[in-house]
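Inside the fold
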Amino acid sequence: MVKILSIGNSFSQDSHKWLHKLAEKNNFDLHAVNLYIGGCSLEQHWNEYKNGSADYDLEINGGSAIRKISLTEALETDTYDVITLQQASRHSGVPQSYYPYIVELADVVRRAQPQAQLMFIKTWAYEIDSTHPGFDLYNKSQDEMYRRICDCSELVAKLINARIIPTGDVIQTLRREVPEFDYSNGGMSLCRDGFHLLMNYGRYAAAATMYRAVTGNKIKVTEFENFDVDLMNKIVTVVEKVIEE
């Protein structure tokens, strides 16, 4: 069994929704835990840890919250193979928002779980017509936001010596290379509200990226909910391409 803990927010919630089920469909034993506070930034995660606050929703295998938990309790009550960090979406392309919080959090994680591999989730740029106020930081440009997320992710991953889970790359590649997801040209948006991922294919893409990056296993496309198999195959093809680059 592989156990994953994400210290996250609604974007890690998107990544986790179908992760356990996708692993099951691929005959792989995976246990996924998400610590959720909506819009939680690295600075807030650090303050939550310092204050010992039990403000996180404990979500297991893509399900609803079970109870409230603190970061300290989560790190002390189970052993994980992979622990992920990420920045809040609005700050994901703002380099000064990461330091010193991600360094401090990485140190906390490594002291508590020295056996775990630390990974960084590279989040995605907002939709081209997003009304999220954080989009103003990027001049309401998806291309600018994506470029700045790329720059920050590379810098931060080196800073804390963590592997990147390239979810943002997969989402942007799907937008650019798969006509069904080319929203700028009449395709469906991979975002359901301009920034969170579409409940079906957006979240499936995020889960497939995390599964492939964490386990190293190729993804077998099988019947999944009521999703279109052809679209799932196109998503998995892009995931493989991005992971292997």
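Further up the page is the structure itself.
The sections below set out a description of the structure shown in this document.

Looking at the element boundaries, Ser6 is found in strand 1 (residues 2-8). When the C-alpha positions of Ser6 and Ala32 are compared, they lie 8.0 Å apart, and in sequence the two are 26 residues distant. Non-local contacts of Ser6, meaning those with residues more than four positions away in its chain, are made with Ser12, His16, Val33, Asn34, Leu35, Thr84, Ile121 and Met210. Within the local environment of Ser6, its side chain forms a polar contact with the side chain of His16, the two groups lying 2.7 Å apart.

Contact geometry for helix 5 (residues 101-112) and helix 6 (residues 142-160): axes closest at 10 Å, N-to-C directions at 40°. On the basis of their axis angle, the class for helix 5 and helix 6 is oblique. For the element pair helix 5 and helix 6, the recorded crossing hand is right-handed. Residues Ile102, Val103, Ala106 and Arg110 of helix 5 pack against Val156, Leu159 and Ile160 of helix 6. Here the residues of the contact of helix 5 with helix 6 are counted per class, giving six nonpolar, no polar and one charged.

Moving on: the pairing of strand 6 (residues 117-121). Taking burial as the measure, the five residues of strand 6 include four buried ones, the bulk of the element. Judged from the four bridges that link them, strand 5 (residues 82-85) and strand 6 form a sheet pairing that is parallel. Opposite Leu85, over in strand 6, you have Phe120 as the bridge partner. Between strand 5 and its parallel partner strand 6, the chain crosses via helix 5, and the hand of that crossover is right-handed. For strand 6 and strand 7 (residues 163-165), the ladder comprises three bridges, and the chain directions are parallel. Residue Met119 lies in a different strand from strand 7, and its bridge partner there is Arg163. Crossover connection from strand 6 via helix 6 to parallel strand 7: handedness right-handed.

All right, on to the packing of aromatic side chains then. Enumeration over the complete set of coordinates arrives at 13 aromatic pairs. Ring geometry for Tyr126 and Phe135: centres 5.6 Å apart, planes at 55°, overall tilted. Both residues of the pair, Tyr126 and Phe135, count as buried. By way of ring pairs, the aromatic residues Trp18, Phe181, Tyr201, Tyr204, Phe224 and Phe227 are connected into one cluster.

Criteria and thresholds
Residues numbered from 1 in each chain as written. Predicted model: local features only at pLDDT ≥ 70, side-chain atom pairs only at ≥ 80, totals over all residues. Heavy atoms only, no water. Helix = DSSP H or I, 4+ residues; strand = E, 2+ residues; numbered from the N terminus. Contact = heavy atoms within 4.5 Å. Polar contact = N/O pair within 3.5 Å; in protein donor to acceptor, adjacent residues only side chain to side chain. Axes fitted to C-alpha atoms, helices over the stretch in contact; angles between N-to-C directions. Parallel < 35°, antiparallel > 145°, perpendicular 65-115°, else oblique. Left-handed = near helix turned anticlockwise from the far one by under 90°. Nonpolar A, V, L, I, M, F, W, Y, C, P; charged D, E, K, R; others polar. Buried < 20%, exposed > 50% of the residue type's maximum accessible area, 1.4 Å probe, protein only. Pairing = 2+ DSSP bridges. Right-handed = clockwise from strand over helix to strand, strands pointing away. Phe/Tyr/Trp six-rings, centres within 6.5 Å; stacked < 30°, edge-to-face > 60°.

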